[in-house]
Amino acid sequence: MVSRIRRIALGLLLPVVFAGAAHAQGHPPYRPHIGAHLSYNFKAEEFGIGPQFYIPVAHRFEVYPSFDYYFVDNGSLWQLNGDLKFKGREEHSWWYLGAGLAVSRASFGGFHNTDVGANVLGGLETLIGQKIHPYFEARLTFRDNTVFQLAGGLNITIY
């Protein structure tokens, strides 16, 4: 299982390396964002928080790693996501669709379980400000138990 998690982590990091190489060649416009969000996991019926980061890698495509830590009683629950987003454009907002991998870990009363699954997501990010952009997102994670999550937060442009 540890070997599988290492392969997944490597798979999530490689696009970041390639994004840096593309930037060094002048492609694409390199404007990464970092942010934080508040989420609600409907399966666990719990709120969570987490950071996200995204890096443009091609026209309208971004590598989008994120992390969710949920406030569960008597244990812990978290999920690491490595997604690729496609962004469409509206006048003052970007809608986006994405997909990727998820690694989740649950620990309750001595029981530990790590699951690997697939994400499908969609959202809307406003472009009201130059540097700070609120967003709202819905995410489905397919694994042993399908999970639906809503999240909202702020992204900050890194220049």
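Up top you'll find the structure we're talking about.
This is a predicted model, so every value here is computed, not measured. (Residues numbered from 1 in each chain as written. Predicted model: local features only at pLDDT ≥ 70, side-chain atom pairs only at ≥ 80, totals over all residues. Heavy atoms only, no water.)

Quick word on the packing of aromatic side chains
Aromatic ring pairs are reported here in terms of the distance separating the ring centres and the angle at which the planes meet. Summed over the entire model, instances satisfying the criterion amount to eight aromatic pairs. Aromatic side chains Tyr40 and Phe47 sit 4.8 Å apart centroid to centroid with 65 degrees between the ring planes, which places their arrangement in the edge-to-face category. Judged by its relative accessible area of 23%, Tyr40 falls in the partly exposed class. What links up through ring pairs into an aromatic cluster is the set Tyr40, Phe42, Phe47 and Phe148. Directly above the ring of Tyr96 sits Lys85, whose terminal nitrogen or CZ lies 4.1 Å from the centroid. (Phe/Tyr/Trp six-rings, centres within 6.5 Å; stacked < 30°, edge-to-face > 60°. Buried < 20%, exposed > 50% of the residue type's maximum accessible area, 1.4 Å probe, protein only. Lys NZ or Arg CZ within 6 Å of the ring centre and 35° of its normal.)

Considering unusual backbone geometry
For Glu45, which is not glycine, the phi torsion reads 55 degrees and is therefore positive. Position of Glu45 relative to the elements: it lies in the loop between strand S1 (33–41) and strand S2 (46–58). Given a relative accessible area of 57%, Glu45 falls into the exposed group. Even without being glycine, Asn74 reaches a positive phi, approximately 55 degrees. (Helix = DSSP H or I, 4+ residues; strand = E, 2+ residues; numbered from the N terminus.)

Some remarks on the pairing of strand S8 (residues 147–157)
Burial along S8 is one-sided: the face carrying Val147, Gln149, Ala151, Gly153, Asn155 and Thr157 is buried and the face carrying Phe148, Leu150, Gly152, Leu154 and Ile156 is not. Sheet analysis places S1 next to S8, joined by nine bridges and oriented antiparallel. By the bridge assignment, Gly35 is partnered in S8 with Asn155. Where strand S7 (residues 132–142) meets S8, ten bridges bridge the pair, whose relative direction is antiparallel. Looking at the pairing, Glu137 lines up with Ala151 of S8. Connecting S7 to the next strand, S8, in antiparallel fashion are four residues. (Pairing = 2+ DSSP bridges.)

Here we look at the pairing of strand S3 (residues 61–70)
In terms of strand pairing, S2 meets S3 through six bridges, oriented antiparallel. Note that in S3 the partner of Gln52 across the bridge is Ser66. Where S2 folds back onto S3 in an antiparallel hairpin, the turn is made up of two residues, including Arg60, whose phi is positive at roughly 70 degrees. In this sheet, strand S4 (residues 75–89) lies alongside S3 in antiparallel orientation, the contact comprising ten bridges.

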